[in-house]
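# Overview (structure and organization)
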Amino acid sequence: MTLPFRKDLDKYKDLDEDEILGKLSEEELKQLETVLDDLDPENALLPAGFRQKDQTAKKASGPFDRERLLAYLEKQALEHKDREDYVPFTREKKGKVFIPKQKPVQSYAEEKFALDPELEEALTSATDTELGDLAAILGMSNLITNNQFCDVVGSSNGIDKDSFSNIVKGERMLPVFDEPPNPTNVEETLQRIKDNDPRLVEVNLNNIKNIPIPTLKEFAKALETNMHVKNFSLAATRSNDPVAVALADMLRVNTKLKSLNIESNFITGVGILALVDALKDNETLTEIKIDNQRQQLGTLAEVEIAKMLEENTKILKFGYHFTQQGPRARAAAAITKNNDLVWSAQVKVSANTFSSLLP
């Protein structure tokens with residue numbers, strides 16, 4: 001259904017706007033420009049200088065002089081007469097003065113009580129020392145001095161006056177020094193891994209934050225053929241997903257690495273999933289730590305981690321704080337099962353060894 005007002009617009013569909021604009025004269029173009037400016041004078045998408053047509057026809061009389069302009073404005077302001085007030089200003093105060101209401105003061109009548117004649121006579125004839133002893137016994141230490149309280153309480157407990165004090169003192173603060181920087185030589189360690197040095201069993205790159213990403217990937221590449229490194233740790237080294245992918249490729253071919261620590265880095269769920277996929281076929285790694293990354297891994301990554309732990313019976317320690325209850329329970333059950341399998345295997349070996357020693 002065609003709307004009524006659209007029927008009259010169909011005849012303008014085939015018009016050539018460029019041809020019409022080419023036939024207009026200069027005066028008609030200026031008039032058209034003025035009309036277009038009036039249609040949308042406050043277009044927020046245009047700069048302030050283009051929202052209104054420049055209607056200044058007068059030519060500039062000279063260059064801009066700020067000091068001269070300020071002097072002219074100041075002179076014009078001084079020559080201009082102030083407007084006369086219709087009501088002259090006076091210092092007369094009008095209205096009522098605010099007086100706050102006086103709250104009634106509550107007076108309490110002192111209660112009068114009478115003591116037994118014997119007790120009143122005893123208190124009247126008591127000395128200051130005896131009154132202090134009585135106040136200390138009753139627990140009213142605010143009525144006596146610290147020395148008096150010490151004489152009554154401290155003397156019976158064997159505490160001298162010098163060490164007795166009711167002033168609360170804070171504990172002495174022990175200075176906590178910063179940890180020393182990691183002394184590991186990155187270039188030398190990388191070369192020793194490439195050379196397959198049998199004396200290099202553990203590599204610790206923790207807290208070395210200036211290691212380039214390509215260098216970290218070289219470490220992973222060198223570990224693919226290394227036969228002696230058992231523990232590899234690069235916590236807090238600003239490692240990211242490309243480093244995690246390189247470590248995943250290393251875990252697919254390395255058969256000697258026992259422990260891997262990549263905590264406190266910038267690895268996301270993508271890099272963790274690559275490691276999880278590689279660990280499904282790894283038979284030598286027994287410990288891995290991936291906790292405290294820059295962002296949470298997500299539910300999908302945690303489910304895949306739990307599934308991997310159920311399939312891989314070699315991992316005995318897994319460092320990660322699960323955020324979902326389901327994957328946490330599955331992972332805990334899988335780790336417990338793996339440790340039980342190792343324990344039962346050790347018990348079986350011990351039993352076989354003991355039986356072989358028997359005559």
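The present account deals with the structure reproduced in this document.

## Let's talk about the sheet that holds strand 1 (residues 202-204)
Read across the open sheet, the 5 strands follow the order 1-2-3-4-5; overall the sheet is parallel. Each having just a single partner strand, strand 1 and strand 5 (317-319) make up the two edges of the open sheet. Direction aside, neighbouring strands of the sheet carry axes that sit 5° apart on average.

## Observations concerning helix 10 (residues 241-253)
Taking 1.5 Å as the rise per residue, helix 10 with 13 residues should run 18 Å; its terminal C-alpha atoms sit 19 Å apart, in good agreement. Among the residues making up helix 10, those that are buried are D241, V243, A244, A246, L247, A248, M250 and L251. For helix 10, the elements touching its buried residues are helix 9 (213-223), strand 2 (231-233), strand 3 (259-261) and helix 11 (269-279).

## Quick word on the layout of surface pockets
Considering only enclosed or pocket space, the largest pocket measures out at about 220 Å³ in volume. Lining the largest pocket, in full, are S61, G62, P63, F64, D65, R68, L69 and Y72. Class assignment of the residues belonging to the lining of the largest pocket gives a composition of 4 nonpolar, 2 polar and 2 charged.

## Some points on the nonpolar core
Residues F232, L251, I290, I305, L309 and F318 are the most contacted members of the largest nonpolar core, which totals 48 residues. Every element with two or more residues in this core is listed here: helix 8 (186-194), helix 9, helix 10, helix 11, helix 12 (299-311) and helix 13 (325-357). Here this core gets 7 residues from one element, more than from any other, and that element is helix 10. If we skip the residues at most four places from it in the chain, I305 touches I272, V276, I290, L297, F318 and F322.

## Looking at the pattern of salt bridges
In total, this model carries 11 salt bridges according to the counting rule given. Between E19 and K23 there is a salt bridge, with the nearest N and O atoms lying 3.5 Å from each other. Here E19 and its partner K23 are both found in helix 2 (residues 17-23), 4 residues apart, which amounts to about one turn of the helix. Relative accessible area serves as the criterion here: at 65%, K23 is assigned to the exposed category.

Thresholds applied
- Residues numbered from 1 in each chain as written.
- Predicted model: local features only at pLDDT ≥ 70, side-chain atom pairs only at ≥ 80, totals over all residues.
- Heavy atoms only, no water.
- Pairing = 2+ DSSP bridges.
- Helix = DSSP H or I, 4+ residues; strand = E, 2+ residues; numbered from the N terminus.
- Axes fitted to C-alpha atoms, helices over the stretch in contact; angles between N-to-C directions.
- Expected span 1.5 Å × (residues − 1).
- Buried < 20%, exposed > 50% of the residue type's maximum accessible area, 1.4 Å probe, protein only.
- Contact = heavy atoms within 4.5 Å.
- 1 Å grid on protein atoms, 1.4 Å probe; cavity = no way out; pocket = protein on both sides within 12 Å on 5 of 7 lines; lining within 4 Å.
- Points joined across faces, edges and corners; volume = space filled by probe spheres on them.
- Nonpolar A, V, L, I, M, F, W, Y, C, P; charged D, E, K, R; others polar.
- Core = buried A, V, L, I, M, F, W, Y, C linked by side-chain atoms within 4.5 Å.
- Salt bridge = Lys/Arg side-chain N within 4 Å of Asp/Glu carboxyl O.

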